[in-house]
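Structural description and commentary
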Amino acid sequence: AYDEDGNIIENVINVYASPLLDFNNPYVDRDTKRRLFSVFTLQANLYDGLTFNSNSGYDTRENLGDEFYGKNTTRRYMLRDSEGAYAKKSNSYTTNMTWDNILTYNKTFGKHSVHVTAVFSIQESKSKSFNAEGAGFPSDEMGNWNLSEAKYNIKNESSFGKSTWASFVGRIQYGYNDRYMVNVS
């Protein structure tokens with residue numbers, strides 16, 4: 001609602017701010033997400049009956065968060081005199097890598113058959129994140145690029161995590177006359 005001079009009436013009903021405040025005092029609430037996922041495969045016949053397969057996958061994710069609510073936006077209106085504007089920046093990065101190597105030998109000798117498989121696999125995950133937020137900025141002009149000036153509700157958090165797994169598997173199958181089979185893993 002507007003008054004007779006064309007100015008926005010800030011208090012429409014005693015405790016509620018006019019939704020038009022956000023037109024004159026825009027806010028930022030943005031999440032940016034990026035992801036790259038890739039898979040690579042190598043196959044090779046090394047010898048008669050002997051094959052090698054290598055599979056690799058890489059996955060990386062990045063999330064960036066930006067928030068800023070000036071002291072005259074609808075979300076901060078009730079706190080504009082006590083706490084003022086609110087700002088937050090957050091980012092997180094995650095990478096996952098998998099690498100599998102498979103060596104296989106298949107051979108038939110008359111009535112005898114042999115199948116040998118050896119597998120080696122490694123996986124690694126890393127993640128790191130950072131978050132900073134606060135309120136009570138001396139001015140709205142710098143937006144969320146002035147986090148060191150926050151006076152209230154200051155929060156700084158960070159984290160890092162890493163895990164790695166390695167595994168080995170082997171199997172031998174012996175068959176005779178397409179009728180009998182022994183399997184060892």
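Definitions and cut-offs
Residues numbered from 1 in each chain as written. Predicted model: local features only at pLDDT ≥ 70, side-chain atom pairs only at ≥ 80, totals over all residues. Heavy atoms only, no water. Salt bridge = Lys/Arg side-chain N within 4 Å of Asp/Glu carboxyl O. Helix = DSSP H or I, 4+ residues; strand = E, 2+ residues; numbered from the N terminus. Buried < 20%, exposed > 50% of the residue type's maximum accessible area, 1.4 Å probe, protein only. Core = buried A, V, L, I, M, F, W, Y, C linked by side-chain atoms within 4.5 Å. Contact = heavy atoms within 4.5 Å. Polar contact = N/O pair within 3.5 Å; in protein donor to acceptor, adjacent residues only side chain to side chain. Phe/Tyr/Trp six-rings, centres within 6.5 Å; stacked < 30°, edge-to-face > 60°. Lys NZ or Arg CZ within 6 Å of the ring centre and 35° of its normal. Pairing = 2+ DSSP bridges.

**Side note on the pattern of salt bridges**
Applying the stated criterion across every chain, the model contains six salt bridges. Note that Arg 30 and Asp 66 form a salt bridge whose closest N and O atoms lie 4.0 Å from each other. Separated by 36 residues along the polypeptide, Arg 30 in strand S3 (residues 28-47) and Asp 66 in strand S4 (residues 50-69) bring together distant segments of the chain. Its relative accessible area of 17% is what places Asp 66 among the buried residues. The shortest N-O distance in the salt bridge between Glu 62 and Arg 34 comes to 2.7 Å. On the criterion of sequence distance, the pair formed by Glu 62 in strand S4 and Arg 34 in strand S3 is long-range, its members being 28 residues apart. Among the residues examined, Glu 62 registers a relative accessible area of 19% and is labelled buried. When its relative accessible area of 45% is taken as the criterion, Arg 34 is described as partly exposed. Salt bridges sharing partners connect three or more residues here, namely Arg 30, Asp 66 and Lys 89.

**Considering the nonpolar core**
Grouped together as the largest cluster of nonpolar side chains are five residues: Phe 68, Ala 85, Ala 87, Phe 137 and Ala 150. Residues in contact with Phe 68, not counting those within four places in the same chain, are Tyr 27, Val 28, Ala 85, Tyr 86, Ala 87, Asp 140, Gly 143 and Asn 144.

**What to know about the side chain of Ser 54**
Relative to the assigned elements, Ser 54 resides in strand S4. A polar contact of 2.8 Å, which involves the side chain of Ser 54, links it to the side chain of Trp 99. Reaching out from Ser 54, the side chain makes a polar contact with the side chain of Asn 101 at a distance of 2.8 Å. When sequence neighbours within four positions are dropped, the list of residues in contact with Ser 54 reads Phe 40, Thr 41, Leu 42, Trp 99, Asp 100 and Asn 101.

**Some remarks on the packing of aromatic side chains**
The full count for this structure, using the stated rule, is two aromatic pairs. Ring plane angle 25° and centroid distance 5.2 Å describe the contact between Tyr 27 and Tyr 69, whose orientation is recorded as stacked. Of the two residues, Tyr 27 sits in the loop between helix H1 (21-24) and S3 while Tyr 69 sits in strand S4, which places them 42 residues apart along the sequence. For Tyr 27, a relative accessible area of 42% translates into the label partly exposed. Assessed through its relative accessible area of 3%, Tyr 69 is described here as buried. On the basis of an interplanar angle of 35° and a centroid distance of 5.0 Å, the ring pair of Phe 120 and Phe 168 is categorised as tilted. Taken together, the residues Phe 120 in strand S6 (residues 112-135) and Phe 168 in strand S7 (residues 152-176) connect sequence positions 48 residues apart. On the basis of relative accessible area, Phe 120 is assigned to the partly exposed category, the value being 27%. Above the plane of the ring of Trp 145 lies Lys 89, whose end atom (NZ or CZ) is 3.7 Å from the centre.

**Observations regarding unusual backbone geometry**
As a rule of thumb, non-glycine residues mostly have phi less than zero, and peptide bonds are mostly trans rather than cis. With a phi close to 60°, Asn 177 is a non-glycine residue in the positive phi region. Classification of Asn 177 as partly exposed rests on a relative accessible area of 37%. A positive phi angle, near 55°, is found at Asp 178, a position not held by glycine. On the secondary structure map, Asp 178 appears in the loop between S7 and strand S8 (180-184). By relative accessible area, Asp 178 is classed as exposed at 85%.

**What to know about the pairing of S3**
Across the 20 residues of S3, one count as buried, placing the element largely on the outside. Where S3 and S4 come together, 19 bridges link them in antiparallel fashion. By the bridge assignment for S4, Thr 32 is matched with Leu 64. If you look at the hairpin formed by S3 and S4, you'll find two residues sitting between the two strands, and Gly 49 has a positive phi there, around 90°.

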